[in-house]
Amino acid sequence: MKRLNLLGNTVSDLENLMLSFGEKRYQGRRLFKWLYQSLQHDFSRMTDLSQELREVLAERYTFAGLEPVNSARSVDGTEKFLFRLSDEAVIESVLIPDGEKRTACISSQAGCALACSFCSTGQMGFKRNLIPGEIIGQLLFLRERYGRGAFHNIVFMGMGEPLLNYDNMVKAIEIISSEIGLSVSARKITVSTVGIVPGIYQLADSGLKVNLAVSLHAATDEKRRKTMPIANKFGVRELAEAAGYFAGKRKKRVTFEYLLIGGYNDSRQDAIDLSRVIQGIPCKINVILYNPVTGLPYWRPIRDEVDYFTGILYPRAPAVTIRKSRGLDIAAACGQLAGKYIQN
Ligand code: SF4
């Protein structure tokens, strides 16, 4: 008999499983705690479950995580892992050091349908949505390798658009933020979108206390459409309104990500347009220096170009940070390692 994988099941899923066995509901919480908090995947060692129940679980179920097929470590400490899923789809996760802390950047989809022209994942096309177990599996792997302190923050900024895999993302967040699960506060989780406007409203109204990052990358519809096909569907104005709604509803600042691409979106006018778009929205702007992707006609801006752009932006924006690209030597930008893997 093929055993079913319990990875990705929530507390209530496991409670219902226990009820279906004629067991008490609380046994589901115990099982959940063993699997996600204690990282004990051998049912026979779950000592607070009855011997009979442990045997039934071992006979019918498994808890199989993800194992990387490739990995790379940058001189700056950034580590990237490539996972091959059961249907041969590949996804990536990146562990990014920031002082004493580390951020886990995880994928929500295998490939991506949105085809942003500067993005390696976007060039691969869309394979499929990840199920909750595949989202969680990326984090459990890191916990198993590095222990509880493996990461402090989580960003849904790897492969894929998380708001187009909304239900599975929410189910994964439920397990991640559960005190008897991975126990990472939702406040430490950031959902990053290229601008799926209905998803932003849904997230704002969901009650989840996660952060929102919006990848703006250009401040006019005309310019966004050149690199981000999604801009044909949702304009900058309605995107800014949705971000403002999220900030108001959640009482949290939104982060606008701005990938600074040399010679494309780093002019004085670009900075002024950007400051106009975000007017009145509680936010910060995170300027990210572009990681060059082989075969794409964009380059990383030089220091003077960055200073010029941010110098215009600083007095006009509530907060501006510059994020250094990490892992340049290991192709750490979204989709780059998978792109190499698929080409080889
Ligand atoms: S940037 Fe994000 S949304 Fe755009 S193609 Fe890449 S993964 Fe998809």
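Here the residue index of a chain counts from 1 through its sequence in written order. Reporting in this predicted model follows two pLDDT cut-offs: at least 70 for local features of residues, and 80 or more for side-chain atom pairs to be given and counted; totals over whole chains, interfaces and linings ignore these cut-offs and use all residues. The basis for the side-chain values is all heavy atoms of the structure; hydrogens and waters are excluded.

J.: Explain the overall build of the protein to me, using residue names and the numbers behind them.
T.: Helix and strand assignments follow DSSP, with helices taken as H or I runs no shorter than four residues and strands as E runs no shorter than two, numbered in order from the N terminus. Of regular secondary structure, the protein possesses twelve helices and 14 strands. For a compact globule the rule gives 2.2 Å times the number of residues to the power 0.38, and the radius of gyration it is set against comes from C-alpha atoms. A compact globule built from 344 residues would reach a C-alpha radius of gyration of about 20 Å, and the protein, at 21 Å, matches this within 12%. C-alpha atoms of the protein, sized along the principal axes, occupy 70 × 45 × 35 Å. Counting the 344 residues in the protein, one finds 55% classified as buried. The long-range fraction of contacts in the protein, counting pairs at least 24 apart against all pairs at least 6 apart in sequence, stands at 67%. Averaged over its 45 positive side-chain charges, the protein has a centre that lies 4 Å from the centre of its 35 negative ones. The cut-offs for exposure are 20% and 50% of the maximum accessible area for each residue type, with area from a 1.4 Å probe on protein chains only; residues under the lower value are buried, those over the upper are exposed, and the others partly exposed. In this analysis, two residues are considered to be in contact whenever any of their non-hydrogen atoms come within 4.5 Å of each other. Positive charges come from Lys and Arg alone, negative charges from Asp and Glu alone, with His and the N- and C-terminal ends not counted. Every charge is mapped to an atom, namely NZ of Lys, CZ of Arg, CG of Asp or CD of Glu.

J.: Give a description of the domain arrangement of the protein that names residues and reports values.
T.: Along its sequence, the protein is organised into domain 1 (4–62) and domain 2 (68–343). An automatic or database domain assignment supplies the residue ranges for each domain. Once you take the C-alpha centre of each, domain 1 and domain 2 turn out to be 34 Å apart. With 13 residues of domain 1 in contact, the opposing surface of domain 2 contributes 16 residues. Defined in terms of a 1.4 Å probe, buried area is the accessible area two parts forfeit on being brought together, summed over both. When domain 1 packs against domain 2, the two sides together hide about 1,200 Å² of surface, and 68% of this comes from carbon and sulfur.

J.: For the site of the ligand, give the residues involved together with the corresponding values.
T.: What makes a residue near a molecule or strand is one non-hydrogen atom of that residue sitting within 4 Å of it. Taken together, nine residues sit near the ligand, with Cys 112, Cys 116, Cys 119, Gly 122 and Val 194 positioned nearest. All amino acids are sorted into three groups, where Ala, Val, Leu, Ile, Met, Phe, Trp, Tyr, Cys and Pro are nonpolar, Asp, Glu, Lys and Arg are charged, and the leftover types, Gly among them, are polar. Split into classes, the residues belonging to the shell around the ligand amount to seven nonpolar, two polar and no charged.

J.: Summarise the nonpolar core; cite the residues concerned and give the values.
T.: Soluble globular proteins: nonpolar side chains tend toward being buried together. Here the nonpolar core consists of buried residues drawn from Ala, Val, Leu, Ile, Met, Phe, Trp, Tyr and Cys, with membership extended through side-chain atoms lying within 4.5 Å. Core analysis: the largest hydrophobic core is formed by 109 residues, its most contacted members being Leu 31, Tyr 36, Phe 151 and Leu 203. Of the residues forming this core, the biggest block, seven residues, is contributed by helix 9 (residues 236–250). For this core, the domains that each give at least three residues are domain 1 (4–62) and domain 2 (68–343). Discounting residues that sit within four places of it in the chain, Leu 31 has contacts with Leu 6, Leu 14, Met 18, Phe 43, Met 46, Leu 49 and Leu 57.

J.: Could you give an account of the packing of helix 7 (residues 197–205) against helix 9, naming the residues involved and the relevant values?
T.: Axes, fitted as lines to C-alpha atoms, cover a helix only where it is in contact. Angles between the N-to-C directions of the axes lie from 0 to 180 degrees. For the pair helix 7 and helix 9, the least separation of the axes is 9 Å and the interaxial angle reads 5 degrees. Regarding the angle of helix 7 to helix 9, the classification is roughly parallel. For the pair formed by helix 7 and helix 9, the contact residues are Val 197, Ile 200, Tyr 201, Leu 203, Ala 204 and Asp 205 on the first element and Glu 238, Leu 239, Glu 241, Ala 242, Ala 243, Tyr 245, Phe 246, Lys 249 and Arg 250 on the second. Its residues assigned to classes, the contact of helix 7 with helix 9 shows ten nonpolar, no polar and five charged. Angle categories are assigned with fixed cut-offs, so that under 35 degrees is roughly parallel, over 145 is roughly antiparallel, 65 to 115 is roughly perpendicular, and the rest are oblique.

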